[in-house]
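What follows is each chain in one-letter form.
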Amino acid sequence: MMSEELKRMWSPDSYLAKLYRDTLASSFDAASQQIPYAKKQQELRRRLANALGGVPEQDAPLEPETLERFEHEGLIIEKLAYTTCEGLRVPAYALYPREPGGKLPAVLACHGHGPGQRAALGLNADGTFAQEAGIHNRFAVELARRGMFVLVPELIGFGDRRLQASVDANPEATDTSCLPISLMLLMCGMTIAGLRVYEAKRGLDYIAGRPEVDAGLIGTLGFSGGGLVASHTAALDERIRAVVLCGYANTFESSILSRPHCLDNYIPGILQVAEQPELLGLIAPRPLFIESGTEDLVFPVEAAREALGRLGAIYRLTGAEDHLQSDLFPGKHEISGRRSWDWLKQQLTSQK
């Protein structure tokens, strides 16, 4: 019978652990003082953009249209659509106060895994409001109630933007098309993360064109996988002036590398660029709020604390320590909003 020592000999565990350490050893070093941090950020942004892969060569005219418009508890809610590039049209919700009282700050809302955009509002498949708020906690509605214009685009691979076979077979959208779309894009030199970031930027184009919005006051909130989209979009597009990340900030080592996750979380060669906290540091010195549940098993809280510590060092380098805030709340993999929603409104309105 083979001994336990021999069994361990054949395991690739130690090789992979060393590979992780060696890869990171040659990646981005936020603490190094040899190069000014602003210059290092510029290079890191370039490397992140390259890792995200190719994007459509040409933007298409947005050609927005309103599909439906109704009122809910003092809010206007629009179901709308716009084009990002040839062949891709995006359904979205827009929410804003019925009586705005002037130009509004705006939020690009990036939902997490689930049925798609309607989860951010707490809607059933038929468009009615569900009895339970769900793990997204109706965050789009809550932000709009606080006097902001909120755009909730449906991320490709979810809801109505699944492959047609999935839409036909599963109208309730309890599955996703992330895997087959990711595989096709990888074979074409793209990533689903990169395509979602590209489309998020087009969402910013749409927001900036709305007459209700102050285009200089745009923030973003992303939950879980939507946190990836929100963080990378903010890293690469400085039109975003403040960021809230819910149930996402962590380390790759302790989250997507410690248990199986959806393929849309994996970006080829990203560890050659940096670990997650250093990528989130590209938002600095702009305001950033990190929210995480203490019982979150998807993005564990201990690694969230580690990420916050590393982000704190980056924000100190930029002289903006007070621009990094956090709330580790009693809860699971979900949005709380007990501090982050009001914080986001305050950050945007204070920049007027």
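Notes on the structure follow.

## Overview of the packing of aromatic side chains
- Counting across every chain of the model gives four aromatic pairs.
- With centroids separated by 5.6 Å and ring planes inclined at 20°, the aromatic side chains of Tyr 96 and Phe 149 adopt a geometry described as stacked. Remark: Phe 149 occurs in strand E5 (residues 149-153) and Tyr 96 occurs in strand E3 (residues 88-97); sequence separation between them is 53 residues.
- By relative accessible area, which is 6% here, Tyr 96 ends up buried.
- Between Phe 289 and Trp 343, the ring centres sit 5.4 Å apart and the planes meet at 55°, which makes this aromatic pair tilted. Within this pair, whereas Phe 289 is found in strand E8 (residues 288-293), its partner Trp 343 is found in helix H13 (residues 340-349), the two being separated by 54 residues in sequence. There is no split in this pair, since Phe 289 and Trp 343 are both buried.

## Side note on helix H7 (residues 178-187)
- The set of residues buried in H7 consists of Cys 178, Ile 181, Ser 182 and Leu 185. Projected down its long axis, H7 carries its buried residues within an arc of 100°, all on one side. For H7, the exposed residues set more than 90 degrees away from the buried face come down to Met 184 and Met 187.
- Where H7 ends, the next residue or the one after it, Gly 189, has phi of about 80°, a positive value.

## Structural notes on helix H2 (residues 13-25)
- Over its 13 residues, H2 extends 18 Å from the first C-alpha to the last, a length consistent with the 18 Å expected when each residue adds 1.5 Å.
- Among all positions of H2, only Tyr 20, Thr 23 and Leu 24 are buried. The buried residues of H2 occupy one face: seen down the axis, they fall within an arc of 95°. The outward face of H2, more than 90 degrees from its buried face, is lined by the exposed residues Ser 14, Tyr 15, Arg 21 and Ala 25.
- Buried-residue contacts for H2 involve helix H10 (270-273).

What counts and what doesn't
Sequence order as written defines the numbering, with residues in each chain counted from 1. Where local features are concerned, this predicted model is filtered to residues with pLDDT of at least 70; where side-chain atom pairs are given and counted, the filter is 80 or more; whole-chain, interface and lining totals use all residues. The side-chain quantities take in all heavy atoms of the structure and omit both hydrogens and water. Aromatic pairing here means that ring centres of Phe, Tyr or Trp (its six-membered ring) are within 6.5 Å. Orientation follows from the plane angle: under 30 degrees is stacked, over 60 is edge-to-face, and everything else is tilted. Secondary structure is summarised from DSSP: a helix means a run of H or I of at least four residues, a strand means a run of E of at least two, and numbering begins at the N terminus for each. For every residue, the accessible area (1.4 Å probe, protein chains only) is compared with the maximum for its type, and the residue is labelled buried under 20%, exposed over 50%, or partly exposed between those bounds. In this context, the arc is that of the directions from the helix axis out to the C-beta atoms. Working rule for helices: expected span equals 1.5 Å times residues minus one. In what follows, a contact means two residues having at least one pair of non-hydrogen atoms within 4.5 Å.

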